[in-house]
Amino acid sequence: MLVISGKNISKTYGIDVVLDDVSFNVNRGDRIGIVGPNGAGKTTLLEIIAGEIKESSGNIYIRSGLTIGYLRQKNNFISGGTVESEAQKTFAHLQQMEKDIRNLSVKISDHKCPSFDCSLDAYTALMEEYEKQGGYTYKSELRAIIEHMGFSEEDLSKTTDKLSGGERTRLALACILLRKPDILILDEPTNHLDLNMLSWLESFLKAYQGTILAVSHDRYFLDKIVNKVFDMNDGSLEIYSGNYSESLVRKNERLEARRKEYEKQQKETIRQEEMIRRFKQHGTEHLAKRARSREKRLAQIEKISKPHTKQDKMKLAFDADYKSGNDVAISEDLVKSFGDRVLFKNVSFNIRKGERICIIGDNGIGKTTLLKIITGKEKPDSGYLKIGYNVNFGYYDQGQRLLDDKETVLGEMKNAYHLYTDTEMRSLLGRFLFKGDDVFKTVSSLSGGEKAKLSFLKLMLSGANTLVLDEPTNHLDIPSKEVVESALLEFKGTLIIVSHDRYLLTKIPDRILELTEDGLVEYKGNFEYYVEKSKEFEETNEVTSSSSATESESADITEIVLSAEEEREAKKRKEAKERRRLRRVEELETSIHEIEEVIADLEASLCEPENLHRYEWLQEQADILEEYKKEVARLYDEWMDIQ
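As the structure is a prediction and not an experimental result, all values here were calculated from the model.

Colleague: What exactly am I supposed to notice about helix 14 (residues 448–462) here?
Modeller: Compared with the 21 Å implied by 1.5 Å per residue over 15 residues, the 21 Å span of helix 14 between its first and last C-alpha is a close match. Counting buried residues along helix 14, 12 of its 15 residues qualify, which places the element largely inside the surrounding structure. Considered for burial, the residues of helix 14 that qualify are Gly449, Lys451, Ala452, Lys453, Leu454, Ser455, Phe456, Leu457, Lys458, Leu459, Met460 and Leu461. Contacts from the buried residues of helix 14 go to strand 14 (393–396), helix 12 (409–416), helix 13 (422–431), strand 15 (466–470) and helix 15 (478–490). Among the residues trailing helix 14, Gly463 stands out with phi positive, at a value near 70°.

Colleague: I tried to follow the packing of helix 5 (residues 138–148) against helix 6 (residues 165–179) on my own but got confused; where do I start?
Modeller: Geometrically, a packed helix pair is captured by the angle between its two axes and the distance between the axes. It is at 9 Å that the axes of helix 5 and helix 6 come closest, and there the two elements cross at 145°. As for how helix 5 packs across helix 6, the hand of that crossing is right-handed. Seen from helix 5, the contacting residues are Glu141, Leu142, Ile145 and Ile146; seen from helix 6, they are Leu171, Ala174, Leu177 and Leu178. Taken together, the residues of the contact of helix 5 with helix 6 break down into 7 nonpolar, no polar and 1 charged.

Colleague: Would you mind showing me how to read the sheet that holds strand 2 (residues 16–27) here?
Modeller: By definition, the strands of a sheet pair up through backbone hydrogen bonds, in either a parallel or an antiparallel sense. Spatially, the 3 strands line up as an open sheet ordered 2-1-4, and their pairing is antiparallel. Among the strands making up the open sheet, the edge pair consists of strand 2 and strand 4 (57–62). Neighbour-to-neighbour, the strand axes of this sheet turn through a mean angle of 15°, independent of strand direction. In this sheet, strand 4 lies alongside strand 1 (residues 2–13) in antiparallel orientation, the contact comprising 5 bridges. Paired with Lys7 across the two strands is Asn59, which belongs to strand 4. Along the sheet, helix 1 (residues 42–50) contacts strand 1, strand 2 and strand 4; its crossing angle with strand 2, the most-contacted strand, is approximately 55°.

Colleague: Looking at this structure, I do not really get a nonpolar patch on the surface. What am I missing?
Modeller: A contiguous nonpolar patch, built from Val598, Ile624 and Tyr628 and spanning about 200 Å² of accessible area, is present on the exposed surface. Take Tyr628: it is sitting in helix 19 (residues 615–641).

Colleague: Would you explain the packing of aromatic side chains in this entry?
Modeller: Here a ring pair, both rings aromatic, is described through the centre-centre distance and the interplanar angle of the planes. All told, the structure shown has 10 aromatic pairs when counted by the stated rule. Ring centres of Phe204 and Tyr208 lie 6.1 Å apart, and the angle between their planes is 35°; this geometry places the pair in the tilted category. Assigned by exposure class, Phe204 and Tyr208 land together as buried. Plain terms: the ring middles of Phe318 and Phe491 are 6.1 Å apart, the flat faces sit at 75° to each other, and that makes the pair edge-to-face. Taken as a pair, Phe318 in the loop between helix 10 (285–300) and strand 10 (327–338) and Phe491 in the loop between helix 15 and strand 16 (494–498) lie far apart in primary sequence, 173 residues in all. Among the aromatic residues, those joined into a cluster by ring pairs are Tyr220, Tyr523, Phe527 and Tyr530. Cation over ring: Lys336 sits above Phe338, and NZ or CZ is 5.3 Å from the ring centre.

The rules behind each value
Residues numbered from 1 in each chain as written. Predicted model: local features only at pLDDT ≥ 70, side-chain atom pairs only at ≥ 80, totals over all residues. Heavy atoms only, no water. Helix = DSSP H or I, 4+ residues; strand = E, 2+ residues; numbered from the N terminus. Expected span 1.5 Å × (residues − 1). Buried < 20%, exposed > 50% of the residue type's maximum accessible area, 1.4 Å probe, protein only. Contact = heavy atoms within 4.5 Å. Axes fitted to C-alpha atoms, helices over the stretch in contact; angles between N-to-C directions. Left-handed = near helix turned anticlockwise from the far one by under 90°. Nonpolar A, V, L, I, M, F, W, Y, C, P; charged D, E, K, R; others polar. Pairing = 2+ DSSP bridges. Patch = residues over 30% accessible without salt bridge, like charges linked within 9 Å, V, L, I, M, F, W, Y side chains within 5 Å. Areas by Shrake-Rupley, 256 points an atom, 1.4 Å probe, with all protein chains shown as cover. Salt bridge = Lys/Arg side-chain N within 4 Å of Asp/Glu carboxyl O. Phe/Tyr/Trp six-rings, centres within 6.5 Å; stacked < 30°, edge-to-face > 60°. Lys NZ or Arg CZ within 6 Å of the ring centre and 35° of its normal.

This is how it looks when you write it as structure tokens:
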């Protein structure tokens, strides 16, 4: 069932075109990921669908009677209510029903009241409706979701004006999830969530009954949740089925098909122009007439524009000015508190030169504080910390608080690296996509992604041999994240990274350290290894705590093992099917290429002057040519069907 339809939607601000003739359909139950570089118009599209802004032209249709929940990136909650009161607003209708039930219960307590029968009927009907709408479960559901979004019992009385931006976003997400709207619109929902919150949110959304549209740069999240991708770039929109990884394959296939189509047309145009030239050379009226006819047909052909297969990316590379000693940082039993609250204790580690360490842990556990202790920006309450010989830290602050908001982009860089000339510095800024007058923007006017790029440029020029990075991929679009990951992989120095980016955690670390209140838990591998080992740990605990399991529970475990085995077999069958599909695609493309070459040769021979009077031969060759064209059309149809 169609729930949203956009037709020829455009949005402009002055001369800036944000959306250009965009069309799409959304069906009930779709889970759509909206991706694209920063500034591609993703948030603008969400705002139009949510009814917050009006399109400049085109039409947006939303099926009547459907509820919409919209999570913005920022500016959530300005009323000053408490965490609990804001969450409870979601259930205002149930709270009103509770008041009505209490009032009716008072009325029916008096059996002699003239309106007793009517009140009893109303009370019974209201109780049934209350139960139907989840009146008996909403309070526990509210507490559960609030807890999963990282709010403790003490946080419930906090007013929203005292919450950080990340906390307000998490509270807004909790309230929207509690409402359970028919259409869930999420703008960067995974920002500010730790790994446990991400895992819970993904499980929740997988079971969600409504329609989901989510702008996200979290590739892991997109692979887990979405079944369709809207890929936006330069105001346009392309639609791909499947999750993010599958959409990349289809996007590359589409670009390759367009490239071949473009090259084929270019080749055919050159061939036709050559034939026209040859006809004109002969100087006969007959051939001149043919030349004019071909020129007319050639002019009427709709030109295929050259596909843009590359987009501008920042050029990032880290290089240390000098090497550090073998021991970079050693600690024993570090403790850090704020007031009466102990963030962590018993934190011990030994970080060696060239290691790639990623630190993970729940929000608020003290990961950023630990980085600041390592770099000397904070002092531990107690414990031992030694920084090795020749260690030169380069620190990336996730909040970009190390940038001066009052400075221009060029001024910020010149203040830090004054030996560079303006020309040299502008050239460096150009590598990070600050071009033309962009260098005169104030830092305060930059987007989160632009501030991140500016911070990375400063970090690159620092020549540090030990990079300490706090959420380095926050605020970056997917292409920029990939650039950062490649630069980190090529860096020869030491990396100490705090991150919740599961793609980065899979690609970068050779060790993961999980920070808990009682110290660090070490995993000698990447994120996949961490997930595997943490699951084993949980399963071991479950087995220990349920040693007296009943026979039915044992049967359940057997069933889980069997279903896991079946899942592996299904995965093998799926992979084999995909290999067969790819082989067939390759065979079809080879056949199409060969037949198109035969067609081109036949068409060329038909146009040779010496063959123009061989009428029977021309008819015979034309029939053969027609058969070849039918065959190539059939092959193209099959090729499209199996994409």
